[in-house]
Amino acid sequence: MSRADGAVLAERVGRAGARTGYQAVLDWLNAWGIETVSGVTGGGVIHFLSHMEAWDAGGVAAGGGPRLFNLGEYSAGFVPLGGFLATGKVGACVATTGAATKLLACGLSDAKMHDIPAVYIVPVSARRNEALCPLQDSSSRGNNAVAALEAELPGGVFVLDDPVSVEWRLSEAGRRLARSKPVVLVLEHGALARPAVPLAPQPAEADDDPEADVDGFAARFVRACEGRRVVILAGEELARFEGSGAATTRLCELLGAPMVWSLNGANGTERGNPYGFGYISFGGNDRALQLWRDLGPDDVLLVLGACPDEYTVSLQDFAAGDTFLATALDDGYGQHGGSFRHRARGRFEQVTAPLDRVLRGLIRMVERRRPGNVRSAPAPADLNVRRPEPPSPGCVDFADLLRRLDGRWPENTVGFDDVCLSYKDRPFVTQRAHPNARFFSLYRGSAMGNVLGLACGAKLASPRSHVVAFTGDGCFRLFAGGLGEASGLGILLFVLDNASYGIVEQGVPTIIPGLDRARRHTDLVRLDYAAMARACGWEASELTPGLETLDAVLDAHWRGGGRSHLVRVPIDPTQLLGANPRAHNL
Ligand SMILES: Cc1ncc(C[n+]2csc(CCOP(=O)(O)OP(=O)(O)O)c2C)c(N)n1
Ligand SMILES: [Mg+2]
């Protein structure tokens, strides 16, 4: 800091009283509604964390600020994402310099690629030690952490290394959060231990662009529908506002328009929608895939909050003659220059506005104009044609388990599928959204082992939710060390035990036909997952191949005293349920 800056600081701080940069950071976290920060302490963050109380079940911090939930960095990086998906609230996580920063940042990739606002807090080593080979050197001579983070998140890394600008930078970070983008706050102890020039913290609020021409968009859509078939694609943005299910059903019924959905987009639809044809692409349903394959120049496609990512459209573009796309994100993942135009083969129009407003506008316009579009027949009850084979003896039929569970989810269930067979097979088997349960997977980053952090985040943000997670025995290895800290949260965790990187094993014959088993590298050592969980303070059960004990296990968990519960499920890695079109892209 220059002498002149120092004088400005002294003068302005003098007026407002001495509040350090650290306290300013905490005030801003508070202003963003952040009650818990997850992660691990260490040299670079001891000072910052000394301002925080430890999280404990049931309590709130005496001083009202955020509390620290101790959880290994890899899982901690997913905690804000689980909290956001469960509640729509912004969350935060923290790690120290070095490997800790890299571990935390695995979740950051998914926050970016799923357009989730979340705060990642990491320190840098002291600038005065830059040439002195400090431990966990984060300068350009060391792991170059800030440049690496900025490379992934251009404009989203806020280095808090100057008492004069700390609060301005925090306010800028808040504006990015309001645009559904994650931010990294980089702590520099020398600056933050000093008084900061104050700026009153503001809650992060999105600008609702009143200029967005929703009515014009709706009118042009209705005009384009005349005499043509209309197909609707529901995407994950729909899951982010109340009432999207009822609104999409109403629109489908008014238009007689079939609807398909992405993995998370299902949460913006209703099971009872007669025009719901199912998931497309990864884990897709036969009827939905047929409909999507048939889409051509004569059709009108309405895309509601969906991104044409690989697991939704398998690297293909929108094939309709006219594509109308609504998104609430002004520069969301997958857009180019604020638009998805580059992904449409035919004519294209996009409106960027809150999706509840767009849906209301569309419904109003369709009700008023009653377009003469070609109406489709409702969907059949079963959206699949293919009949999967049963598993080998001694294994649970995974399809049967998913269907049985589908009949049991209590109200207010939030579920997460890890990067394992469940994120492919659940959509295929369950076909439609559940009235009591929302299921999410962070498939764009596809980071194995994300569900412990996601489940912790959901429980911390919404303790009354029933939180369930599905993981593979391979994924489990990435978070097993964090089970102890999560033991008191009441999470229900199914571990799919197939002694295999099963989803890879299933894909290899398509990717390299005839590849020798010894060169697949998919075998895993079988472990006693139930014993591991018990040793970490969890309840644990094992399902029998006939699922005779399933109901008792579920009842015991939901009636129980709030301990987390691991359920081992012996499954067959070769039982083929959902399709994996990505195997054809490799
Ligand atoms: C951290 C990470 N490593 C590797 C991969 C590649 N990968 C994707 S799925 C998978 C296998 C998952 O195995 P498991 O957790 O046992 O689940 P299963 O498919 O057997 O149900 C692998 C190795 C990945 N996505 N993420
Ligand atoms: Mg496995």
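Residues numbered from 1 in each chain as written. Chains lettered and ligands numbered in written order. Predicted model: local features only at pLDDT ≥ 70, side-chain atom pairs only at ≥ 80, totals over all residues.

With respect to the overall build of the protein chain
For clarity, the threshold we go by: Note on conventions: DSSP H or I runs of at least 4 residues are helices, E runs of at least 2 residues are strands, and numbering of each starts at the N terminus. For the radius of gyration, the atoms used are the C-alpha atoms, and the globule rule reads 2.2 Å times the number of residues raised to 0.38. Any residue with 12 or fewer other C-beta atoms within 10 Å of its own C-beta is exposed, any with 20 or more is buried, and the rest are partly exposed; the C-beta atoms used are placed from the backbone. Each residue gets a C-beta atom placed from its backbone, and two residues are in contact if those atoms lie within 7 Å.
For the protein chain, the count of helices and strands is 22 helices and 19 strands. The globule rule puts the C-alpha radius of gyration for 586 residues at 25 Å, and the 25 Å found for the protein chain is close to it. Overall, the C-alpha framework of the protein chain stretches about 75 × 60 × 45 Å when taken along its three principal axes. Each of the 586 residues in the protein chain was classed as buried or not, and the buried ones make up 52%. For the protein chain, contacts bridging at least 24 residues in sequence account for 79% of all contacts bridging at least 6.

Here's the deal with the domain arrangement of the protein chain
Selection rule: Throughout the structure description, domain borders are defined by an automatic or database domain assignment.
Each assigned domain of the protein chain is listed here: domain 1 (3-196), domain 2 (214-369) and domain 3 (398-585). Centre-to-centre, using C-alpha coordinates, domain 2 lies 30 Å away from domain 3. Tallying the contact residues gives 22 residues for domain 2 and 21 residues for domain 3. Within the residue set of the side of domain 2 that touches domain 3, elements represented by two or more residues are β10 (276-279) and α13 (310-313). By residue number, the principal contributor to the side of domain 2 that touches domain 3 is β10, which donates 3 residues.

Quick look at the packing of helix α5 (residues 79-87) against helix α17 (residues 451-461)
Stated formally: As a rule, the C-alpha atoms of each element are fitted with a line to give its axis, helices using only the stretch in contact, and angles between N-to-C directions run from 0 to 180 degrees. Angle categories are assigned with fixed cut-offs, so that under 35 degrees is roughly parallel, over 145 is roughly antiparallel, 65 to 115 is roughly perpendicular, and the rest are oblique. Helix crossings get a hand from a simple test, with the near helix turned counterclockwise from the far one by less than a right angle marking a left-handed crossing and a clockwise turn marking a right-handed one. All residues other than Ala, Val, Leu, Ile, Met, Phe, Trp, Tyr, Cys, Pro, Asp, Glu, Lys and Arg, Gly among them, are scored as polar; the first ten of these are nonpolar and the last four charged.
One way to put it is that α5 packs onto α17 with a least axis distance of 6 Å and a crossing angle of 50 degrees. By the criterion of interaxial angle, the relationship of α5 to α17 is oblique. Once α5 is placed against α17, the crossing between them reads as right-handed. In this structure, α5 uses V79, P80, L81, G82, G83, L85, A86 and T87 to contact α17, whose residues at the interface are G453, L454, A455, C456, G457, A458, L460 and A461. Across the contact of α5 with α17, the residue classes tally to 11 nonpolar, 5 polar and no charged.

A closer look at the sheet that holds strand β6 (residues 157-160)
Our working definition: Pairing between strands is defined by DSSP: at least two bridges between them are needed.
Here 7 strands make up an open sheet; going across it, the order is β2-β3-β1-β4-β5-β7-β6 and the pairing parallel. A single partner strand is all that each edge strand has here, and the edge strands are β2 (53-54) and β6. By the bridge criterion, 4 bridges tie β6 to strand β7 (residues 183-187) in an arrangement that is parallel. By the bridge assignment for β7, F158 is matched with L185. Each of β1 (36-39), β4 (91-94) and β5 (118-123) is contacted by α5, which is oriented at about 170 degrees to β4, the strand it contacts most.

Things to note about the packing of helix α10 (residues 214-225) against helix α14 (residues 355-369)
One way to put it is that α10 packs onto α14 with a least axis distance of 9 Å and a crossing angle of 45 degrees. In terms of their interaxial angle, α10 and α14 are classed as oblique. The chirality of how α10 crosses α14 is right-handed. Across from V214, D215, A218, A219, F221 and V222 in α10, the residues of α14 making contact are R357, V358, G361, L362, M365, V366 and R369. Taken together, the residues that form the contact of α10 with α14 break down as 9 nonpolar, 1 polar and 3 charged.

Points about the site of ligand 1
Applicable threshold: By convention here, the C-beta atom is placed from the backbone, and a residue is near a molecule or strand when that atom is within 6 Å of it.
Inspection of the region around ligand 1 gives 18 residues, with C420, G472, G474, G502 and I503 positioned closest. Going through the elements one at a time, α18 (473-479) and α20 (502-511) are the ones with two or more residues in the shell around ligand 1. When the residues that make up the shell around ligand 1 are grouped by side-chain class, the tally is 11 nonpolar, 6 polar and 1 charged.

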